[in-house]
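Observations on chain architecture
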Protein chains: 4
Amino acid sequence: MINKVILIGNVGADPEVRALEGGVKVARLRIATTERIYNRQTQETKEHTEWHNVTLWRNLADVADRFIRKGSQVYIEGSLRTRDWTDKDGNKRYATEIVANDLKMLGRRGDAPASGADNSYGGSYGGAAQSSQSSPSPSGDIAASAPQEVDDLPF
Amino acid sequence: MINKVILIGNVGADPEVRALEGGVKVARLRIATTERIYNRQTQETKEHTEWHNVTLWRNLADVADRFIRKGSQVYIEGSLRTRDWTDKDGNKRYATEIVANDLKMLGRRGDAPASGADNSYGGSYGGAAQSSQSSPSPSGDIAASAPQEVDDLPF
Amino acid sequence: MINKVILIGNVGADPEVRALEGGVKVARLRIATTERIYNRQTQETKEHTEWHNVTLWRNLADVADRFIRKGSQVYIEGSLRTRDWTDKDGNKRYATEIVANDLKMLGRRGDAPASGADNSYGGSYGGAAQSSQSSPSPSGDIAASAPQEVDDLPF
Amino acid sequence: MINKVILIGNVGADPEVRALEGGVKVARLRIATTERIYNRQTQETKEHTEWHNVTLWRNLADVADRFIRKGSQVYIEGSLRTRDWTDKDGNKRYATEIVANDLKMLGRRGDAPASGADNSYGGSYGGAAQSSQSSPSPSGDIAASAPQEVDDLPF
DNA sequence: TTTT
DNA sequence: TTTT
C-alpha cells in the first residue's frame, strides 16, 4: 500500500543511460549511503556503506544523464522492486532495486562532483555532455517525472 | 547518509521468530504492498504486489512475535541492507532486506487479522496465540527499539 | 527543496467539504497523532496528542468526502504550508496546515470508523453519503490526485 | 501515531542557540524549502518558498551551533508540534514548529554556506564561530545522538 | 475532536 | 504468501 524509499547519498559512478526501442530513456545509478555505528560495548565506531541500485525513467533518466556524475550527492525518492529470474544453474535469483519517482541534486550549484573539480573529465565525454558539464549544474529541483500543475489554487 | 524505507502493507504469514545464542530475539516478516496502476493507453488498471523481507531485532521482534499474525496490517520504518554470499555453484548472490527500526500495528484494536473478519476468534488460534490474542491487542505504538525518553523538556 | 509530511492517525470529526466557484472540491480534516513518551526519571508514561489540519483538493477531497468519517484511521502524505494574515487587532497571524498529496484509508475493509459499527450513522447523512457508506468502503489505494500512468514499462 | 516531517532546504540565518537552566542546549533554525510549480494553463513556472521553524535539542542543538550557518543546506527529520497561548488581545494563538530528531549537513565538505563561495571566510565570523569554522566542517553525518563524521569518503 |  |  505504501512502498517508499528515501535515500541521500553519493553516486559511485557516472550513470548508465540507454534508450529502449520506442525512445524511452532509462538510467541506472549506484548510490552509496554511509552510516557510522557506535558499539557501546567496545566503544568503537564502525562505518558501514550500503550500495543501492536505482533505476530512473524518462525525464528523471534525462536529468541523471545530463547532471549527475560520479561523486554527486543526490536525494532519491522511490519504491522498492524485486525482479526474479532463473540463472544458468537453474537457481531462482532475485535483485532488488529502487525505482525513482523523485531526484534532487544536493549541494550548491558550483559543487564539483568527485574529483571533477581538479581535472579528469578532460575529453572523456562528447560535446553535449561537455557543455552540460560546463553549464551551470543546477542544485536541486530539476527533475520531476510528473511536474506539478496548478490552475486555480487560491494561494 | 539517509537510507530510509517506509512500508504499509499486509503480512503474508505469521512471523518467523528465533532467539540467537545469547538470547537476542530476531523476527522475520514477509510484507505485501499492493498498488494499482492505471494504464492510460489501454484504460486498464493493473495490480502489482511487491513482497518485502523485513527483519526485526529485540523489542521489535518481541512485539512482532506477540501481536502480528498472517494478515495483519502494519507500518514499518527501517533501512535497506543487502547481504551477499557465494552459492554452491560459485555464483555471487544478493538478498536485500529491510531492517526495521519502527513497527506499528494498524487498524483498530479489535481488528481481526486474516479470517477474523467474521468474528470467529473463538478457538481459531492455538494456545499461545490465543493468550496473546486475548490480551489487549494494541493498535500501534507498541514497539520502539529505542523508547523515547524525556526528562526536562519544557513542553 | 523537500517539504514532506507523513502522518498516520485518527480523524477527529467528519471532513468539512466544500466546492469553490468553478466546482473545485476542497476538504479539511483534523487528524490526531498520539504518542506515548516514557520518562525514565519518573518511570511514568505520558501520552501526547498532536492535532493536524489537513487540506485535500479535488480527487483527494472527493475520497475524503465519500469514505472518511470521524474515527477513521488514515495515512496522509503532504507538504507544510503556512498562511499568514493580519487579524482584527492588527496582529500578524499564522496558521500551518498540511496540503495532502496522498491519502490512504487504513484498517480492514469492514472497519467501523468510530462508534459507527454499533449505530449512530442512522439517517445522519443524506442519500448519496448513505449509499457511499453502504457501498464497499475501500481500504486504501483509493485516492491518487495524480494517478500513475504506465505505457511501456518492461515489467 | 506517525507524525513525521522531512525537510531539505537552506538555512535563512545563523542558528539561535541558548542554554536552559540546567544546561540543556536548544537551537532554533529557519529553513527555506523552495519549489517550482508549473501552471499548465498559463504555461508559467512560479516559485514558492516555504519557511519552517525547526527546534533542536541537546546534541542536535550543539551540532547546529557548531556547524550550521546562514546558507547551509541541511536535511531535517522531525515531528510537528503546535504550541498555543493567548495573546495580549485575548486571542488564542498557534505556532507550529518541527522538533528535529535528525540533522544532516548536505553538500561536500568544503561547501561554503552562503557567500562563502568566494573563499571569504577570513574574519567574517566572531571568535567562537571562527574556530568552529576553521575546524573541519563536516559534510553531513555529523549530528545526531550518534555523531557521525566523515573525512575520507572515497568518492 | 480521534484513537489506545 | 497478504490485502482490496
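Calculation rules
- Residues numbered from 1 in each chain as written.
- Chains lettered and ligands numbered in written order.
- Predicted model: local features only at pLDDT ≥ 70, side-chain atom pairs only at ≥ 80, totals over all residues.
- Heavy atoms only, no water.
- UniProt positions renumbered as here; feature names shortened; annotations may be inferred.
- Helix = DSSP H or I, 4+ residues; strand = E, 2+ residues; numbered from the N terminus.
- Buried < 20%, exposed > 50% of the residue type's maximum accessible area, 1.4 Å probe, protein only.
- Contact = heavy atoms within 4.5 Å.
- Areas by Shrake-Rupley, 256 points an atom, 1.4 Å probe, with all protein chains shown as cover.
- Buried area = accessible area lost by both parts, 1.4 Å probe.
- Salt bridge = Lys/Arg side-chain N within 4 Å of Asp/Glu carboxyl O.
- Polar contact = N/O pair within 3.5 Å; in protein donor to acceptor, adjacent residues only side chain to side chain.
- Nonpolar A, V, L, I, M, F, W, Y, C, P; charged D, E, K, R; others polar.
- Least-squares fit on C-alpha atoms with pLDDT ≥ 70 in both.
- Pairing = 2+ DSSP bridges.
- Arc of directions from axis to C-beta.
- pLDDT = per-residue confidence, 0-100.

As recorded in an unreviewed UniProt entry, chain A goes by the name Single-stranded DNA-binding protein, listed as coming from Alistipes indistinctus YIT 12060. Of chain A, the UniProt comment under Subunit (unreviewed entry) reads exactly: "Homotetramer."

On to the overall build of chain A. In terms of regular secondary structure, chain A is built from 2 helices and 6 strands. Starting at the N terminus and walking to the C terminus, you meet the elements of chain A as β-β-β-β-α-β-β-α. Considering chain A as a whole, with its 155 residues, one finds that 46% of them fall into the buried category. By sequence separation, contacts in chain A at least 24 residues apart represent 62% of the contacts at least 6 residues apart. Surface accessibility of chain A: about 7,700 Å² in total, with carbon and sulfur atoms responsible for 46%.

This paragraph deals with the interface of chain B and chain A. On the side of chain A, 27 residues touch chain B, which itself brings 27 residues to the contact. Summing both sides of the interface, chain B and chain A together bury roughly 2,300 Å²; the carbon and sulfur share of this comes to 44%. The tally of links from chain B across to chain A stands at 1 salt bridge. Note that Arg-81 of chain A is salt-bridged to Glu-50 of chain B, the shortest N-O span being 4.0 Å. The tally of links between chain B and chain A comes to 16 residue pairs in polar contact (both at pLDDT 80 or more). Those elements that place two or more of their residues in the side of chain B that touches chain A are β1 (2-11), β3 (25-39), β4 (44-57), β5 (73-86) and β6 (92-105) of chain B. Broken down by element, the residue count for the side of chain B that touches chain A peaks at 7 residues, all from β1 of chain B. For the side of chain B that touches chain A, the residue count by class is 9 nonpolar, 9 polar and 9 charged.

Moving on, we get to the relation of the copies chain B and chain A. Its rotation angle being 180°, the transformation that places chain B on chain A also includes 0.0 Å of axial translation and leaves an RMSD of 0.1 Å. One copy is carried onto the other by what is essentially a two-fold rotation axis. No C-alpha of chain B lies nearer the rotation axis than that of Val-5 of chain B, which sits 2.2 Å from it. Counting the interface residues of chain B, we find that 100% of their copies in chain A are interface residues as well, pointing to one common contact surface.

A separate point is the pattern of salt bridges. Pairing between side chains of opposite charge can happen when their charged atoms approach one another. Tallied over the full model, the rule gives 45 salt bridges over all chains. A salt bridge links Arg-83 of chain B to Glu-97 of chain B, with the shortest nitrogen-to-oxygen separation between them at 3.8 Å. Placement of the pair is Arg-83 of chain B in strand β5 and Glu-97 of chain B in strand β6, with a sequence separation of 14 residues. A relative accessible area of 42% places Arg-83 of chain B in the partly exposed class. By relative accessible area, which is 11% here, Glu-97 of chain B ends up buried. Connected through shared salt-bridge partners, Lys-4 and Glu-77 of chain A together with Lys-4 and Glu-77 of chain C make up one network.

Quick look at the environment of Val-99 of chain B now. All names here are of chain B. Along the chain, Val-99 turns up in strand β6. We classify Val-99 as partly exposed; its relative accessible area is 21%. Val-99 sits 45 residues away from Val-54 along the chain, and the two C-alpha atoms are 5.9 Å apart. The contacts of Val-99, once residues within four sequence positions are left out, are Thr-55, Trp-57, Glu-77, Gly-78, Ser-79 and Arg-81.

Turning our eyes to something else, we now look at the pairing of strand β2 (residues 16-19) of chain D. Residues and elements named next belong to chain D. Relative to strand β3 (residues 25-39), β2 runs antiparallel, the two sharing 4 bridges. Bridging from a neighbouring strand, Arg-18 pairs with Val-26 of β3. Taken together, β2 and the strand that follows it, β3, pair antiparallel across an intervening segment of 5 residues, in which Gly-22 is found at a positive phi of about 100°.

Moving on to the side chain of Thr-33 of chain A. By the secondary structure assignment, Thr-33 of chain A is in strand β3 (residues 25-39). A relative accessible area of 3% places Thr-33 of chain A in the buried class.

A few words now on helix α1 (residues 58-67) of chain B. Residue and element names in this part refer to chain B. Listed as buried for α1 are Leu-60, Ala-61, Val-63, Ala-64 and Phe-67. All buried residues of α1 lie within an arc of 160° about the axis, which places them on one face of the element. On its buried face, α1 is in contact with β3, β4 and β6.

Turning our eyes to something else, we now look at unusual backbone geometry. Residue and element names in this part refer to chain B. The backbone of Gln-43 shows a phi angle near 60°, a positive value even though the residue is not glycine. By the secondary structure assignment, Gln-43 is in the loop between β3 and β4. You can call Gln-43 exposed: its relative accessible area is 61%.

Let us now look at the environment of Gly-71 of chain D. All names here are of chain D. Turning to its location among the elements, Gly-71 is positioned in the loop between α1 (58-67) and β5 (73-86). You can call Gly-71 buried: its relative accessible area is 12%. The spacing of Gly-71 and Asn-10 is 61 residues in sequence and 5.5 Å in space, taken between C-alpha atoms.

So, on to the confidence of the model for chain A. Predicted coordinates in areas of low pLDDT are best not read in detail. For chain A, mean pLDDT is 78; residues scoring 70 or higher make up 69% of the total. Low pLDDT, under 50, characterises residues 114-155 of chain A; the predicted model gives this stretch 71 contacts beyond four residues in sequence or across chains.

Our focus in this paragraph is the environment of Glu-16 of chain D. Residues and elements named next belong to chain D. Tracing the backbone through its elements, the reader meets Glu-16 in strand β2. Among the residues examined, Glu-16 registers a relative accessible area of 54% and is labelled exposed. A C-alpha to C-alpha distance of 7.9 Å links Glu-16 and Asp-65, two positions 49 residues apart in sequence. Setting aside chain neighbours within four positions, we find Glu-16 in contact with Val-26, Ala-27 and Arg-28.

What follows is about the pairing of strand β6 (residues 92-105) of chain A. All names here are of chain A. Most of β6 is tucked away, with 10 of its 14 residues classed as buried. Across 2 bridges, strand β4 (residues 44-57) lies against β6 in parallel orientation. Following the sheet pairing, Thr-55 is matched in β6 by Val-99. Bridge count for strand β5 (residues 73-86) against β6 is 13 bridges, and the pairing is antiparallel. In the sheet register, Arg-83 faces β6, and the bridge partner there is Ala-95. Between β5 and β6, which follow one another and run antiparallel, lie 5 residues, and Gly-90 among them has a positive phi close to 85°.

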